[in-house]
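Reading the structure
What follows is the residue order along each chain.
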Amino acid sequence: MLNAANLPYTLLYSFSLIVATANILVLGKLKSLSKLSSFVSFIEALFSTFLASVAVFWSILSVNDGHGITPFAILMMLLCFPLQGQLNLLLGIISTAFVCLMFGLIRYADIDNIWPGIVTGFTSAVACFVVANLIERIRLENFEMISKLSSINKQLHRLSQEDHLTKLLNRRAIDNALKRELTRSERFDHPLSLLMIDVDNFKQINDGFGHVFGDQVLVDISQCIKKHIRDVDYVGRMGGDEFLVILIETNQDNALQIADRMRNEVMNLNNQHKDCHVSISVGLTVAQGESVVALLEKADKALYLAKKAGKNKVRNIFIHSDKPSIS
Ligand SMILES: Nc1nc2c(ncn2[C@@H]2O[C@H](COP(=O)(O)OP(=O)(O)OP(=O)(O)O)[C@@H](O)[C@H]2O)c(=O)[nH]1
């Protein structure tokens with residue numbers, strides 16, 4: 001009941017309730033901003049400690065004023081906990097609450113009637129501890145489940161982008177990358193070069209040395225290609241023995257050099273695979289405002305020229321010219 005005697009405590013309680021609500025509504029949102037999180041946790045801890053103390057204080061005072069056990073005290077303490085992430089913080093709050101409890105008892109309790117005060121305060125604290133622990137456990141379980149789901153999601157995303165054999169980008173991923181990068185290069189008027197690479201006489205390698213060996217050759221070649229691209233570039237397996245390289249911010253001359261370095265690197269594999277001859281042919285082209293399909297066709301044409309010229313070659317299709325040119 002609100003009367004002159006318990007007005008200060010009622011006001012204190014109301015204020016605590018407002019702060020507790022603000023704690024949950026405002027600080028919970030702010031916490032998602034990572035830079036603020038440690039500061040917010042600190043403020044939150046202060047509020048929680050304060051609220052827990054007020055709750056126990058008020059609980060004792062209510063008992064001594066004849067108001068019985070105050071469920072509000074428990075409620076307030078509970079309101080403090082769901083946002084807390086650490087058990088030690090929780091224990092800190094409970095210890096503080098106990099100090100307040102003792103102080104409250106000594107200061108206000110009627111010595112003949114001390115037990116109801118002790119029992120009330122103690123029951124409140126234990127109830128808060130048990131419920132807060134349960135909340136904390138559920139929160140942790142949820143957190144672990146979310147972490148697991150997020151890592152599974154990342155894994156699935158990676159697998160959906162990856163070629164299972166070479167671990168390069170798969171066809172879908174490299175197609176998407178090409179669409180994205182082509183749009184970007186047009187928008188900022190930056191050069192973009194494309195290399196279409198095909199292993200020479202791969203059928204013979206498979207037939208002569210078996211599919212397992214053929215697979216290893218594909219992996220080795222993918223490593224040779226990767227060695228000569230930067231982190232910003234893309235390399236993917238189009239399927240079978242064909243690869244596609246997207247060279248960002250790279251003009252024709254630089255792309256030619258890179259393609260030739262890749263070709264030489266693959267030739268070095270022959271020191272490893274003594275009996276089998278491994279080489280690649282490369283078709284090179286530079287984007288010049290055409291669609292993805294047209295650009296791929298241009299690179300394919302250049303690759304055809306490289307094959308036609310006797311394989312183990314790099315050929316390009318000149319910009320602004322329909323005529324193919326031999327580099
Ligand atoms: N080992 C292995 N072989 C594959 C894989 N995918 C496709 N192939 C084989 O790769 C060979 C591709 O041969 P083609 O591209 O048709 O021709 P090629 O022998 O390379 O001849 P050129 O391209 O003219 O130099 C086929 O025999 C396919 O069966 C794979 O994942 N692993």
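Quick notes on the rules
- Residue indices follow the written sequence of each chain, beginning from 1 at its first position.
- Residue-level local features of this predicted model are given only where pLDDT is at least 70; pairs of side-chain atoms are given and counted only at 80 or more, and the full residue set underlies all totals for whole chains, interfaces and linings.
- Hydrogens and waters are ignored; side-chain quantities use all the structure's heavy atoms.
- Numbering of helices and strands runs from the N terminus, with a helix taken as a DSSP run of H or I at least four residues long and a strand as a DSSP run of E at least two residues long.
- Only heavy atoms enter the contact rule, under which two residues are in contact if any of them lie within 4.5 Å.
- Reported accessibility uses the Shrake-Rupley method at a 1.4 Å probe radius. Residues are deemed covered only where the shown protein chains occlude them.
- Only protein chains enter the calculation, and the probe is 1.4 Å; a residue is then buried if its accessible area is under 20% of its type maximum, exposed if over 50%, and partly exposed in between.
- Being near a molecule or strand, for a residue, comes down to having at least one heavy atom within 4 Å of it.
- As used in this structure description, the phrase polar contact means that two N or O atoms lie within 3.5 Å; if the pair is within protein, one of them must be able to donate a hydrogen and the other to accept it, and residues adjacent in sequence are counted only when both atoms belong to side chains.
- All residues other than Ala, Val, Leu, Ile, Met, Phe, Trp, Tyr, Cys, Pro, Asp, Glu, Lys and Arg, Gly among them, are scored as polar; the first ten of these are nonpolar and the last four charged.
- Buried residues of nine kinds, namely Ala, Val, Leu, Ile, Met, Phe, Trp, Tyr and Cys, make up a nonpolar core once their side-chain atoms join them within 4.5 Å.
- Like charges within 9 Å and nonpolar side chains (Val, Leu, Ile, Met, Phe, Trp, Tyr) within 5 Å are joined into patches, using only residues over 30% in relative accessible area that form no salt bridge.
- When a carboxyl oxygen of Asp or Glu lies within 4 Å of a side-chain nitrogen of Lys or Arg, that pair is called a salt bridge.
- In this description, one arc is meant: the one made by directions from the helix axis to the C-beta atoms.

**Observations concerning the overall build of the chain**
Secondary structure summary: the chain contains 10 helices and six strands in total. Taking as baseline every contact in the chain between residues at least 6 positions apart, the subset at least 24 positions apart corresponds to 68%. Element-wise, carbon and sulfur atoms account for 62% of the exposed surface of the chain, whose accessible area totals about 18300 Å².

**Description of unusual backbone geometry**
The phi dihedral of Glu249 is positive, around 50°, even though this residue is not glycine. Residue class for Glu249 comes out partly exposed when judged on its relative accessible area of 45%. Residue Lys311 is not a glycine yet carries a positive backbone phi of 70°. With respect to the secondary-structure elements, Lys311 resides in the loop between helix H10 (292-308) and strand E5 (314-317).

**Examining the site of the ligand**
Of all residues adjacent to the ligand, which total 16 residues, the nearest are Asn201, Lys203, Asn206, Asp215 and Arg237. Here an oxygen atom of the ligand sits 2.7 Å away from a polar atom, N or O, in the side chain of Arg237. Residue Lys307 places a side-chain N or O atom 2.9 Å away from an oxygen atom belonging to the ligand. For the ligand, whose free accessible area comes to 670 Å², the fraction covered by protein is 64%. The element best represented in the shell around the ligand is helix H8 (residues 211-227), accounting for four residues. When the residues that make up the shell around the ligand are grouped by side-chain class, the tally is three nonpolar, five polar and eight charged.

**Re the nonpolar core**
Ranked by size, the top nonpolar core spans 29 residues in total, and within it Leu195, Ile197, Ile221, Val245 and Met262 carry the most contacts. For this core, the elements supplying multiple residues, two or more each, are strand E1 (192-199), helix H7 (202-209), H8, strand E3 (242-248), helix H9 (252-272) and strand E4 (280-286). Sort the elements by how many residues they give to this core and H9 lands first, with six residues. If we skip the residues at most four places from it in the chain, Ile197 touches Ile225, Asp241, Glu242, Phe243, Val245, Met262, Ile280, Ser281 and Val282. The next biggest cluster of nonpolar side chains, apart from the first, holds 18 residues, and it includes Leu182, Met196, Ile246 and Ala299.

**Brief notes about a nonpolar patch on the surface**
A cluster of nonpolar side chains, Ile152, Leu156 and Leu159, forms an exposed patch at the surface whose accessible area comes to about 280 Å². For Leu159, a relative accessible area of 46% corresponds to the partly exposed category.

**Some thoughts on H7**
Regarding H7, the residues found buried are Phe202, Ile205 and Asn206. Looking straight down H7, one finds that the buried residues subtend no more than 95° of arc, so they occupy a single side. Summarising the geometry of H7, the exposed residues directed more than 90 degrees from the buried face are Lys203, Gln204, Asp207 and Gly208. In the core, the buried residues of H7 are packed alongside E1 and H8. Immediately beyond the C-terminal end of H7, within one or two residues, lies Gly210, with a positive phi of roughly 95°.

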